[in-house]
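Understanding the architecture of this molecule
Here is how the chains run, residue by residue.
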Amino acid sequence: MKYVKWIFVVLLISSLTAFVEKDKPTGGLNVGDVAPDFKIESASNGQHVPDLNSLKGRYVLLSFWASYDAQSRMQNASLNNALRSTTHNNVEMVSVSFDEYQSIFKETIRKDQIVTPTCFVETRGEGSGIFKKYRLNRGFTNYLLDGNGVIIAKNISAAELSAHVKQLG
């Protein structure tokens, strides 16, 4: 009888966990949404930081990442390399890191060989306005925006980006 109770408890717990989502949910915006405009709040390197409105009319790959998040960091480097290797120059990449220290950010982009002129660090990290606007507490992500700032793809891989770039041709 004692084992029957434990078996029942184990079955109950396993049936309840089947309803729990196993993957980490991603950013809160979806395809079809207009990407909120933003300004990097704490870019202390003297670099001119464009806002999204200044990029209207161009396709924009918006990549959010942090050096401490291995998956987002790898994705950012992969997307950057995919854009560098294409002959088409119709997509502008805006890469935003949420590292709290400028030195960590600089070392990470050096190691990852990120060469986009629009790669920035938001040193307020998770407390920044952009982090909140894009609801990144659900996970770092990337977005491909059309010329009007509408999200046309989300969480795309380098291969998917290359296919989009060819279509946009």
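Remember, it's a predicted structure, so these values are computed and weren't measured experimentally.

1. Concerning the overall build of the chain
Per the secondary structure count, the chain includes five helices and five strands. Shown N-terminal to C-terminal, the secondary structure of the chain runs as helices and strands in the order α-β-α-β-α-β-α-β-β-α. For the chain, buried positions account for 43% of its 169 residues. Entry remark: accessible area of the chain is about 9,800 Å², with carbon and sulfur atoms responsible for 56%.

2. Some points on the packing of aromatic side chains
Inspection of every chain in the model, using the stated rule, returns ten aromatic pairs. Relative to phenylalanine 98, the ring of phenylalanine 64 has its centre 6.0 Å away and its plane inclined at 40°; by these criteria the two rings are tilted. Taken together, the positions of phenylalanine 64 in strand β1 (residues 59-65) and phenylalanine 98 in the loop between β2 (91-97) and α3 (102-112) put the pair 34 residues apart, joining distant regions of the chain. Pair check on accessibility: phenylalanine 64 and phenylalanine 98 agree, each one buried. The interplanar angle of 75° and the centroid separation of 6.4 Å between the aromatic rings of phenylalanine 64 and tyrosine 143 together place this pair among those described as edge-to-face. With phenylalanine 64 in strand β1 and tyrosine 143 in strand β4 (residues 142-145), this pair connects stretches of sequence that are 79 residues apart. As far as the burial class goes, phenylalanine 64 and tyrosine 143 line up, both buried. An aromatic cluster of three or more residues is present, and its members are Phe38, Phe64, Tyr68, Phe98, Phe131, Tyr134, Phe140 and Tyr143.

3. A word on the layout of surface pockets
Rolled over the atoms, a probe as big as a water molecule pinpoints where empty space is left. In this structure, the second largest pocket encloses a volume near 210 Å³. Lining the second largest pocket we find 15 residues, and of these Leu83, Asn89, Val91, Met93 and Thr116 sit closest to its centre. Contributions of two or more residues to the lining of the second largest pocket are made by α2 (70-85) and β2. Classifying every residue of the lining of the second largest pocket gives six nonpolar, seven polar and two charged.

4. What to know about the sheet that holds β2
In sheet architecture, strand pairing relies on hydrogen bonds along the backbone and comes in two forms, parallel and antiparallel. One open sheet holds the five strands; their spatial order is β3-β2-β1-β4-β5, and the pairing between them is mixed. Of all the strands in the sheet, just β3 (119-121) and β5 (151-154) have a single pairing partner and so form its edges. Taken pair by pair, the neighbouring strands of this sheet meet at an average axis angle of 20°, ignoring direction. Bridge count for β1 against β4 is four bridges, and the pairing is antiparallel. Looking at β4, one finds that serine 63 is bridged to asparagine 142. Together, β1, β2 and β4 form the strand contacts of α2, whose direction differs from that of β1 by roughly 155°. Each of β1, β2 and β3 is contacted by α3, which is oriented at about 155° to β3, the strand it contacts most.

5. Focus on the pairing of β4
Of the two faces of β4, the one holding Asn142 and Leu144 and the one holding Tyr143 and Leu145 are both buried throughout. As judged from the three bridges shared by β4 and β5, these two strands associate in the antiparallel manner. Across the sheet, the residue bridging to leucine 144 is alanine 153, located in β5. The hairpin formed by β4 and β5 contains five residues between the paired strands, and glycine 149 there has a positive phi angle of roughly 85°.

6. Some remarks on the packing of α2 against helix α5 (residues 158-168)
At a minimum axis separation of 9 Å, α2 and α5 run at an interaxial angle of 30°. Between α2 and α5, the interaxial angle falls into the category roughly parallel. The element α2 and its partner α5 pack so that their crossing is right-handed. Contacts from Ser78, Leu79, Ala82 and Leu83 of α2 reach α5 at Ala158, Leu161, Ser162 and Val165. Its residues assigned to classes, the contact of α2 with α5 comprises six nonpolar, two polar and no charged.

Definitions and cut-offs
Here the residue numbering is sequential within each chain, running from 1 through the sequence in written order. Local features in a predicted model are, by the rule used here, given only for residues with pLDDT of at least 70; side-chain atom pairs are given and counted only at 80 or more, and totals for whole chains, interfaces and linings are based on all residues. With hydrogens and water set aside, each side-chain value is computed from the structure's full complement of heavy atoms. Strands are runs of DSSP state E lasting at least 2 residues, helices are runs of H or I lasting at least 4, and numbering of each runs from the N terminus. Three exposure classes are used, based on accessible area relative to the maximum for each residue type with a 1.4 Å probe and protein chains only: buried under 20%, partly exposed in between, and exposed over 50%. Only the protein chains shown count as cover for residues, and all accessible areas are computed by the Shrake-Rupley method using a 1.4 Å probe. Aromatic rings from Phe, Tyr and Trp, with only the six-membered ring used for Trp, were paired whenever their centres fell within 6.5 Å, and each pair was classed as stacked if the ring planes differed by under 30 degrees, edge-to-face if by over 60, and tilted otherwise. Think of a 1 Å grid over the protein atoms and nothing else: a 1.4 Å probe that fits but is trapped marks a cavity, an open set flanked by protein within 12 Å on at least five of seven lines marks a pocket, and residues with an atom within 4 Å of a point count as lining. Grid points are joined across faces, edges and corners, and a volume is the space filled by probe spheres set on the points. Amino acids outside the nonpolar list (Ala, Val, Leu, Ile, Met, Phe, Trp, Tyr, Cys, Pro) and the charged list (Asp, Glu, Lys, Arg) are all regarded as polar, and Gly is one of them. We call two strands paired when DSSP finds no fewer than two bridges between them. Axis angles are defined between N-to-C directions and span 0 to 180 degrees, where every axis is a line fitted to C-alpha atoms and, for a helix, only to the segment in contact. Whether two residues touch is decided by their heavy atoms; if any such pair falls within 4.5 Å, the residues are in contact. Note that the term roughly parallel is reserved for angles under 35 degrees, roughly antiparallel for angles over 145, roughly perpendicular for angles of 65 to 115, and oblique for everything else. Note on convention: the crossing is left-handed when the near helix lies turned anticlockwise from the far helix by less than a right angle, right-handed when the turn is clockwise.

Just geometry here; none of it tells us what the structure is for.
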